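Below, each chain spelled out in residue letters.
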Amino acid sequence: MNDTALDTDLLAYTLRLGDDCLVLGQRLSEWAARSPQLEEDVALLNIALDLLGAARTLLTRAGELEGKGRDEDGLAFLRDEPAFTCGLLFEAEGGDFGQTMARQLLVSAYQLPLWQALTASSDELLAGVAGKAAKEAAYHLDHARSWVVRLGDGTEESHRRVQQGLEEVWPYSFELFERDDVVARLVERGVASDPDLLRPVWETTVTEVLKEATLEVPQTTWHPTGGRSGKHLTSFGYLLAEMQHLHRSHPGARW
Amino acid sequence: MSEQLQAEFQAAFQAEVDADGRIEPRDWMPDGYRRTLVRQIAQHAHSEIIGMQPEGNWITRAPSLRRKCILVAKVQDEAGHGLYLYSAAETLGADRDELLDLLHTGRQKYSTIFNYPTTSWADVAAIGWLVDGAAIMNQVPLTRCSYGPYARAMTRVCKEESFHQRQGFEAMTVLANGTPAQRQMAQDALDRWWWPSLMMFGPSDGDSPNSAQSMAWGIKRFSNDELRQRFVDATVPQAEHLGLTVPDPELRLDPETGSYAFGEIDWTEFYAVMKGDGPCNRDRVRNRVAAHEDGAWVREAAAAYADKQARRAAA
Ligand SMILES: [Fe+2]
Ligand SMILES: [Fe+2]
């Protein structure tokens, strides 16, 4: 590809990664002052901060690739729902602490090998983001693993709740490994990580943790999708309404 | 313990305090000193965690990603401050769960400032600038407190609070120099937070019954009125720099002392808020209790799992 031509594939891929981090950072930050113990307020906000930090770099880069003068805030606050390309797993509502941790396990077990693979991306910016994000994802995974195990193998109530939370979020995990044309072309170019290689790593991690947690791997025929093409859950509109309203109420203002 | 021995311990304790030394957890200390410290440290810890609510409710609505990250980091710091302070209280024999219970049942207080609502984004900036600013005035002297673990916790806390204060002032500067709507938002926030911030230093010296004892014990170094005056003197020029008006018609600079004379604080309001009738007392406590109760099953699970692991290790 010619250097000056608009690299629409790279733009789409960078935006997906950025949107995933942004909306999950937003969801996790909803736990501020609501978590089960003070240590978790610190931990959940820490994870949120890692994700929001990655989102800022990725969205800034996406804006540059797009070349229409949109910065991170232009992309975060001024796009409407169909222009967001986050995966459904990232945007889904957090539910209780068990569901939040079940989702975090599925996400971190995916993001860790994703970022590890992207450290070798031929795109320098992605490789740079990935180096930092892989270290963070390793911590996120440890944290989620330790909670899923404690909840699964804790009390009857915690076992029931975390299993139920897992059932809620599990169907959204299939979308993570979809291989559409954008991903296929970027894998070919050595830019993107290959979802076919990520899937077995993810499965091994997740099944191992669920086994230790005495939890069942959910069985479902429902494989919802659409996030990557801008078709989102109903709850996502509310997330955006809350996140964007202040920024949009003051067009052009600096903060 | 014999009376003579008791007197010797007491004398050694006071000599250590008077020499600006540090009392450590294993040292002998008077019961009143221990009780006073537990109460003060616990109320301080409660203030940190209740203080997460008024600003935390703007995290999801922050107007830029940079501001969102700054705010998330700040609220996370406040949770960390709560953790250090409950730990400091535990070195005196208190228990975090029991202290939380005292907060949840209204038997221990937290700073009255957090019973005011944050109705606009500028309130986040004003809290950083004024509330963290006032907290620093109160807390820097505590880094020299006679009780070692409290003094050390405060050293760490004060570094972060001064960071919060600078960020708050910077956010306020952007608003004050922004659009007319942002400027108005900034002025409105100053109007609402000024007097409650002055109240953060507590009642006037004449009405502050425990101050003298705390000073003798090396817990308190400066009087409430002295600290309040320092805060006013440091903050009024900052407000002027922002081009904002401090809502006190009686504010006057005394050119001789370089100090500001200011109007009478409405102590009726202060005591009403302290007793539970501020705009947000009920919400703050209700939210805290709800978070605690909603999380009970998680804490029980962690404890049950730890027990199982201990039994497995023993088997
Ligand atoms: Fe603090
Ligand atoms: Fe602070």
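Shown above is the structure to which this text applies.
Residues numbered from 1 in each chain as written. Chains lettered and ligands numbered in written order. Predicted model: local features only at pLDDT ≥ 70, side-chain atom pairs only at ≥ 80, totals over all residues. Heavy atoms only, no water.

The next subject is the overall build of chain B. Of regular secondary structure, chain B possesses 13 helices and 2 strands. Taking 20 Å as the expected radius of gyration for a compact globule of 315 residues, we find that chain B reaches 21 Å, a close match to that expectation. Based on the C-alpha atoms only, the size of chain B along its principal axes is roughly 70 × 55 × 30 Å. Burial status across chain B gives 55% buried among its 315 residues. Considering only residue pairs separated by 6 or more positions, chain B has 77% of its internal contacts joining residues 24 or more positions apart. Accessible surface computed for chain B: about 13,900 Å², of which carbon and sulfur atoms make up 52%. (Helix = DSSP H or I, 4+ residues; strand = E, 2+ residues; numbered from the N terminus. Rg over C-alpha atoms; globule rule 2.2 N^0.38 Å. Buried < 20%, exposed > 50% of the residue type's maximum accessible area, 1.4 Å probe, protein only. Contact = heavy atoms within 4.5 Å. Areas by Shrake-Rupley, 256 points an atom, 1.4 Å probe, with all protein chains shown as cover.)

Within chain A, the regular secondary structure consists of 10 helices and 0 strands. When the helices and strands of chain A are listed from N to C terminus, the series reads α-α-α-α-α-α-α-α-α-α. With respect to the three principal axes, the spread of C-alpha positions in chain A is 60 × 45 × 30 Å. Burial statistics for chain A: of 255 residues in total, 60% are counted as buried. When contacts within chain A are restricted to residue pairs at least 6 apart in sequence, those whose partners lie at least 24 apart make up 79%. Here chain A carries 24 positive and 41 negative side-chain charges, and the mean point of each set is 3 Å from the other. (Lys, Arg positive; Asp, Glu negative; His and termini not counted. Charge placed at Lys NZ, Arg CZ, Asp CG, Glu CD.)

Residues and elements named next belong to chain B. Around the iron ion (ligand 2), the protein contributes the donor atoms Glu78 (OE), Asp132 (OD), Glu161 (OE) and His164 (ND1), at 1.9 to 2.3 Å from the metal centre. Taken together, the 4 donor atoms surrounding the iron ion (ligand 2) define angles of 86 to 142° at the centre, an arrangement classified as irregular. In primary-sequence terms, the residues that donate to the iron ion (ligand 2) follow E-x53-D-x28-E-x2-H. Taken as an interatomic distance, the gap from the iron ion (ligand 2) to the iron ion (ligand 1) is 3.5 Å; Glu78 donates to each of them. Of the two residues, Asp132 is situated in helix H6 (residues 121–139) and His164 in helix H7 (residues 148–176); the sequence distance between them amounts to 32 residues. (Donors = N, O, S within 2.8 Å, 3.2 Å for Na, K, Ca; no water. Tetrahedral: all angles 85-135°; square planar, octahedral: opposite > 155°, others 65-115°.)

Each aromatic ring pair is described using two quantities: the centre-to-centre distance and the angle formed by the ring planes. Residues and elements named next belong to chain B. The full count for this structure, using the stated rule, is 19 aromatic pairs over all chains. Measuring from ring centre to ring centre gives 5.9 Å for Trp129 and Phe169, while their planes differ by 55°; the resulting arrangement is tilted. Residue Trp129 is located in helix H6, and its partner Phe169 is located in helix H7; the two are separated by 40 residues in the primary sequence. Seen from their ring centres, Phe201 and Phe231 are 5.5 Å apart, and the 45° between their planes marks the pair as tilted. One end of the pair, Phe201, is in the loop between helix H8 (180–199) and helix H9 (211–216); the other, Phe231, is in helix H10 (residues 224–242), with 30 residues separating them in the sequence. Here Phe201 and Phe231 have matching classes, each one buried. (Phe/Tyr/Trp six-rings, centres within 6.5 Å; stacked < 30°, edge-to-face > 60°.)

Bringing a negative patch on the surface into the picture now. On the surface, Glu90, Asp95, Asp97 and Glu98 of chain B cluster together into a patch of negative charge. Turning to its location among the elements, Glu98 of chain B is positioned in helix H5 (residues 96–104). (Patch = residues over 30% accessible without salt bridge, like charges linked within 9 Å, V, L, I, M, F, W, Y side chains within 5 Å. Salt bridge = Lys/Arg side-chain N within 4 Å of Asp/Glu carboxyl O.)

On to the nonpolar core, then. By size, the foremost hydrophobic cluster in this structure holds 182 residues, and its most contacted members are Trp115 of chain A together with Trp121 and Trp194 of chain B. Examining the composition of this core, we find that 13 residues originate from one element, helix H2 (residues 38–66) of chain A, more than from any other. Setting aside residues no more than four positions away along its own chain, Trp115 of chain A makes contact with Leu17, Cys21, Leu58, Val129, Ala130, Ala133, Ala134 and Ala137 of chain A. (Core = buried A, V, L, I, M, F, W, Y, C linked by side-chain atoms within 4.5 Å.)

Our focus in this paragraph is the coordination of the iron ion (ligand 1). All names here are of chain B. Every protein donor of the iron ion (ligand 1) is listed here as Glu48 (OE), Glu78 (OE), His81 (ND1) and Glu161 (OE), and their distances to the metal cover 1.9 to 2.2 Å. Counting residues between consecutive donors of the iron ion (ligand 1) along the chain gives the motif E-x29-E-x2-H-x79-E. Residue Glu48 is classed as buried on the basis of its relative accessible area of 6%.

Further remarks concern the side chain of His143 of chain A. Residue and element names in this part refer to chain A. Residue placement: His143 occurs in helix H6 (residues 124–152). The exposure class of His143 is buried, given its relative accessible area of 8%. A polar atom in the side chain of His143 sits 2.7 Å from the side chain of Glu40. Not counting the four nearest positions on each side in its chain, His143 is found in contact with Glu40, Ala43, Leu44, Ile47 and Met101. (Polar contact = N/O pair within 3.5 Å; in protein donor to acceptor, adjacent residues only side chain to side chain.)

Across the contact, 48 residues belong to chain A and 44 residues belong to chain B. Carbon and sulfur atoms supply 69% of the area that chain A and chain B bury against each other, a total of about 4,000 Å² over both sides. Area buried by chain A at its contact with chain B is led by Leu38, Asp153 and Trp255 of chain A, which between them contribute 18% of it. Among the ionic pairs, Lys308 of chain B bridges to Asp153 of chain A, the shortest N-O distance being 3.1 Å. Linking chain A to chain B there are 14 residue pairs in polar contact (both at pLDDT 80 or more). Listing elements by their share of the side of chain A that touches chain B, those giving two or more residues are helix H1 (8–29), H2, helix H3 (72–78), helix H5 (97–118), H6, helix H7 (156–169) and helix H10 (234–249) of chain A. Looking at which element gives the most residues to the side of chain A that touches chain B, the answer is H2 of chain A, with 11 residues. Of the residues assigned to the side of chain A that touches chain B, the class counts are 20 nonpolar, 13 polar and 15 charged. (Buried area = accessible area lost by both parts, 1.4 Å probe. Nonpolar A, V, L, I, M, F, W, Y, C, P; charged D, E, K, R; others polar.)

Relative to the helices and strands, Arg66 of chain B is located in helix H4 (residues 65–90). According to the relative accessible area criterion, Arg66 of chain B is partly exposed, its value standing at 35%.

A separate point is the pattern of salt bridges. A side chain of one charge can pair with a side chain of the opposite charge when the charged atoms of the two come close. Residues and elements named next belong to chain A. Under the definition given, this model contains 31 salt bridges over all chains. Taking the shortest distance from any N to any O, the salt bridge between Arg61 and Asp123 comes out at 2.7 Å. Of this pair, Arg61 sits in helix H2 while Asp123 sits in the loop between H5 and H6, placing them 62 residues apart in sequence. For the pair Arg61 and Asp123, one class covers both residues: buried. Notably, a salt bridge pairs Arg161 with Asp96, separated by 3.2 Å at the nearest N-O pair.

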